[in-house]
Amino acid sequence: MEIIAIILLILLVGSFLTYFVDSFNKKWTGTTAFLIVLITAGIFFTKIKSGYQFNFQLAGLDLQWGLTDYSYYFVYIILGLSVLALLYSIKYMEGKARLGYFYGSFILTVLGMLGVVISQDFVSLFFFWEIMTWASFLLVIYNAYYKIKTKGIKYMIFSAVGAYAMFTAIVFIHVHYDTLLISEAIAKGAFNFEQYIYIPIFLLLGFGIKAAVMPFHVWAPPAYAKSPMSFTTIFSGAMSKMGVFGIGLVFTSFYLSSNPENFFWVRTILGWMGGITAVMGTIYALIQTDAKKLLAYSSVAQLGYIIVGLSTGTQLGVMAALYLAVIHAVFKGALFMVAGAVEKQAGTTDMTQISGLIRKMPYTFVVALVSIIALAGVPPLGGFVGKWLLYEALITESNNYILVVVVFFSSTAAFMYSYRFLFGLFLGQEEKETEHVKEAPATMIIPMIILAIIATVAGAYPGLIFEPAAKAMQAIGFQDVTWQMSSLTNVWGDTTDLFLIAMLIFAVFIISFVFLTLKGLKKTRYVGTKDISTSGELPKEWENLTFQLDFFKPFERAAAPLYKMDMNKIWKDLGKNLEAFFGFFRKIYTGNGQTYALYIVIFLVVLLLFRDVLFS
């Protein structure tokens with residue numbers, strides 16, 4: 001049996017094994033799941049190298065599994081983060097019910113993600129994509145009360161739309177190009193946006209939904225926030241990258257094209273979708289008072305940067321996207337672990353209820369601080385490197401100055417919600433309700449520290465990620481990839497003219513300042529001595545006066561028009577209209593034979609009356 005089949009079989013058997021272990025000894029369920037994935041990762045990285053390929057037939061179909069440098073790049077994210085997340089889960093999930101259900105579904109999700117990146121034919125890709133989706137759905141509804149079930153249904157509906165879009169594209173590829181192999185489809189031009197444009201559009205729809213690109217992002221924040229935090233580390237850090245992986249495959253023809261300007265409109269639309277995703281994700285993160293929801297919207301925003309990079313089609317842009325894919329998995333994985341540690345130890349992540357945990361959870365705070373610095377793009381951590389490459393690609397290679405201002409605005413605004421997260425949980429005044437809180441267990445702290453160290457090293461030595469990213473880019477069509485062309489790695493600024501972009505950014509700040517000032521003047525009210533809330537009296541213990549309730553109220557008030565554009569409401573209205581539309585047809589298709597006979601008579605009468613017009 002081929003080694004890749006053995007690895008997948010280990011994961012499949014391991015997912016069921018955890019059910020049986022949980023039945024006999026719940027204390028060993030988490031450890032068993034961790035060891036299964038750890039052994040899988042060890043076998044994979046020691047026995048399988050890039051270039052591996054396995055061909056076989058199933059039900060008369062020619063199937064192919066294998067690894068290019070591009071797919072191997074994403075294996076690092078999947079298996080590396082999964083091992084750390086499962087180590088973290090051992091204590092995080094301790095004492096919770098249905099651990100066999102949780103860990104079995106977790107391992108199946110890892111199996112699905114690994115299968116997606118090793119699939120070199122569309123049948124296998126779709127099969128593993130569905131395993132990944134259904135297994136993750138079981139984890140979204142793990143905390144099975146009503147609201148979470150509704151969030152799970154939303155996740156499943158959007159996942160189904162994406163899956164059907166992918167399936168439709170696969171059918172068209174087989175019909176028009178007579179192949180199910182991805183490499184042959186690329187060679188025959190199946191993704192080139194020119195001959196059968198609906199094929200790449202359907203694929204981009206399927207992959208874009210998984211990558212939470214607006215306006216298809218609405219499933220992501222509730223799914224990320226309501227899933228167990230140890231799984232959300234994978235959900236946000238690795239599984240969202242399957243959408244990125246797919247978008248890169250679709251754009252292979254774009255990168256191979258001798259004339260990329262043929263795809264100018266594709267690049268522009270996808271780039272702006274990524275930019276809007278980054279901005280709106282950031283804006284919604286600003287008003288969250290729950291740390292998990294804040295990180296969920298932040299994840300959507302960070303994915304927007306990656307989509308922008310992929311859309312450029314330039315060396316630096318795609319390099320930035322691939323670099324950010326890894327660094328986002330690292331710092332966002334660490335931050336979700338931080339939120340999970342706070343939830344485990346303090347019982348909630350509501351920043352209006354807890355604060356001042358820095359003395360009680362010092363190691364968790366240090367990880368949060370390092371990860372927040374990486375998220376905000378502050379040097380010398382890895383987030384800075386990725387964002388700099390993205391800015392440089394938009395300025396020097398794409399000449400897209402407006403989009404770079406949009407991305408810069410999102411990145412700058414991220415400082416605000418980053419500060420809110422850090423201050424809200426750790427730097428505020430200690431609360432009486434958190435006197436019992438202690439530092440998280442070692443098996444939760446160690447994975448967080450490892451991720452924080454990686455975020456730091458990736459900033460100091462970005463070549464550790466650049467080298468495999470360059471190989472991955474060559475695997476999808478780029479020639480002579482070199483990341484040394486960046487001004488980060490040569491004489492500072494020798495390829496970058498920052499004057500125009502600096503003026504645009506300055507103008508954005510001036511316009512924003514004027515807008516906020518004018519909006520604030522309308523709402524300004526002077527408080528007299530009779531309007532002082534406590535009148536010098538000490539507030540009672542149950543009176544919540546924390547400023548977390550209105551942390552960025554002036555900004556929220558100024559950005560009120562943006563918050564009114566709620567995509568959730570738009571999708572709900574669309575659903576209601578579709579329900580009414582189908583309800584109307586349900587009245588027509590009554591199931592009554594006499595009614596159908598009447599329809600036939602009416603149809604024949606219409607044909608007779610208009611026969612000359614219809615059949616002239």
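These remarks concern the structure in this document. (Residues numbered from 1 in each chain as written. Predicted model: local features only at pLDDT ≥ 70, side-chain atom pairs only at ≥ 80, totals over all residues. Heavy atoms only, no water.)

As for the side chain of Ser299
Within the secondary structure, Ser299 is located in helix 13 (residues 291–312). The exposure class assigned to Ser299 is buried, which follows from its relative accessible area of 0%. Excluding residues that lie within four positions of it along the chain, Ser299 makes contacts with Tyr224, Ser236, His328, Lys332 and Phe336. (Helix = DSSP H or I, 4+ residues; strand = E, 2+ residues; numbered from the N terminus. Buried < 20%, exposed > 50% of the residue type's maximum accessible area, 1.4 Å probe, protein only. Contact = heavy atoms within 4.5 Å.)

Some thoughts on the packing of aromatic side chains
For the coordinates displayed, the defined rule picks out 39 aromatic pairs. For the pair Tyr73 and Phe74, a centre-to-centre distance of 5.9 Å together with 80 degrees between the ring planes defines the contact as edge-to-face. Joined through ring pairs, the aromatic side chains of Tyr101, Phe102, Tyr103, Phe106, Tyr142, Tyr155, Trp219, Tyr224, Phe231 and Phe235 make up one cluster. The side chain of Arg98 reaches across the aromatic face of Tyr101, ending 5.2 Å from its centre. The side chain of Arg98 reaches across the aromatic face of Tyr142, ending 4.7 Å from its centre. (Phe/Tyr/Trp six-rings, centres within 6.5 Å; stacked < 30°, edge-to-face > 60°. Lys NZ or Arg CZ within 6 Å of the ring centre and 35° of its normal.)

Points about the nonpolar core
Judged by nonpolar contacts, the single largest core of 201 residues is most densely connected at Phe44, Phe74, Trp219 and Phe421. Ranked by residues supplied to this core, first place goes to helix 14 (residues 315–346) with 23 residues. Look past the residues within four positions of Trp219 in its chain and what remains in contact with it is Lys154, Tyr155, Phe158, Ile209, Lys210, Ala212, Tyr224 and Phe235. (Core = buried A, V, L, I, M, F, W, Y, C linked by side-chain atoms within 4.5 Å.)

Side note on the packing of helix 5 (residues 122–140) against helix 8 (residues 198–210)
Between helix 5 and helix 8, the shortest axis-to-axis distance is 13 Å and the interhelical angle comes to 25 degrees. With respect to helix 8, the element helix 5 is oriented roughly parallel. Seen from above, helix 5 lies across helix 8 with left-handed handedness. Contacts from Leu125, Trp129, Met132 and Thr133 of helix 5 reach helix 8 at Gly206, Phe207 and Lys210. Class assignment for the residues of the contact of helix 5 with helix 8 results in four nonpolar, two polar and one charged. (Axes fitted to C-alpha atoms, helices over the stretch in contact; angles between N-to-C directions. Parallel < 35°, antiparallel > 145°, perpendicular 65-115°, else oblique. Left-handed = near helix turned anticlockwise from the far one by under 90°. Nonpolar A, V, L, I, M, F, W, Y, C, P; charged D, E, K, R; others polar.)

A few points about the environment of Trp65
Relative to the assigned elements, Trp65 resides in strand 2 (residues 61–66). Classification of Trp65 by relative accessible area gives buried; the value is 13%. Sequence separation of Trp65 and Leu125 is 60 residues, and the distance between their C-alpha atoms is 9.5 Å. Of the polar contacts made by the side chain of Trp65, one reaches the side chain of Ser124; its length is 2.9 Å. (Polar contact = N/O pair within 3.5 Å; in protein donor to acceptor, adjacent residues only side chain to side chain.)

Remarks on empty space enclosed by the protein
Across all of its chains, the model carries one cavity of 30 Å³ or more by this definition. Roughly 50 Å³ of internal volume is contained in the largest cavity. Lining the largest cavity we find Phe122, Leu125, Ile182, Phe191, Leu203, Phe207, Leu249 and Val250. Put simply, the parts of the chain that give the lining of the largest cavity at least two residues each are helix 5, helix 8 and helix 10 (229–250). A breakdown of the residues in the lining of the largest cavity according to their chemical character gives eight nonpolar, no polar and no charged. (1 Å grid on protein atoms, 1.4 Å probe; cavity = no way out; pocket = protein on both sides within 12 Å on 5 of 7 lines; lining within 4 Å. Points joined across faces, edges and corners; volume = space filled by probe spheres on them.)

Quick word on a nonpolar patch on the surface
A cluster of nonpolar residues, Leu9, Leu12, Val13, Phe16, Leu17, Tyr19, Phe20 and Phe24, forms a patch on the protein surface that exposes about 820 Å² of accessible area. Among the secondary structure elements, Leu9 is positioned in helix 1 (residues 3–24). (Patch = residues over 30% accessible without salt bridge, like charges linked within 9 Å, V, L, I, M, F, W, Y side chains within 5 Å. Areas by Shrake-Rupley, 256 points an atom, 1.4 Å probe, with all protein chains shown as cover. Salt bridge = Lys/Arg side-chain N within 4 Å of Asp/Glu carboxyl O.)

A word on the pairing of strand 2
Bridge analysis of strand 1 (residues 53–58) against strand 2 gives six bridges, and the strand direction is antiparallel. Opposite Gln57, over in strand 2, you have Asp62 as the bridge partner. Here strand 1 hands over to strand 2 after two residues, with Ala59 in that stretch at a positive phi of 55 degrees. (Pairing = 2+ DSSP bridges.)

Quick look at helix 19 (residues 463–475)
The end-to-end C-alpha separation of helix 19 is 18 Å, in line with the 18 Å expected for 13 residues at 1.5 Å each. Of the positions making up helix 19, those classed as buried are Ile465, Phe466, Ala469, Ala470, Ala472 and Met473. Angularly, the buried residues of helix 19 cover 165 degrees about the axis, an arc narrow enough to put them on a single face. Where helix 19 is buried, its residues meet helix 3 (69–92), helix 14, helix 16 (382–397) and helix 18 (442–460). (Expected span 1.5 Å × (residues − 1). Arc of directions from axis to C-beta.)

Notes on the environment of Arg267
Among the secondary structure elements, Arg267 is positioned in helix 12 (residues 264–286). For Arg267, a relative accessible area of 18% corresponds to the buried category. Sequence spacing of Arg267 and Phe251 is 16 residues, and the spatial spacing of their C-alpha atoms is 9.7 Å.

Describing unusual backbone geometry
A cis amide bond links Met214 with the next residue in sequence, Pro215, at an omega value of 10 degrees. Along the polypeptide, Pro215 turns up in the loop between helix 8 and helix 9 (220–226). The phi torsion at Arg98 lies on the positive side, around 55 degrees, for a residue other than glycine. Its location among the elements puts Arg98 in the loop between helix 3 and helix 4 (99–118). Residue class for Arg98 comes out partly exposed when judged on its relative accessible area of 38%. Backbone geometry places Asp178, a non-glycine residue, at a positive phi of 55 degrees.

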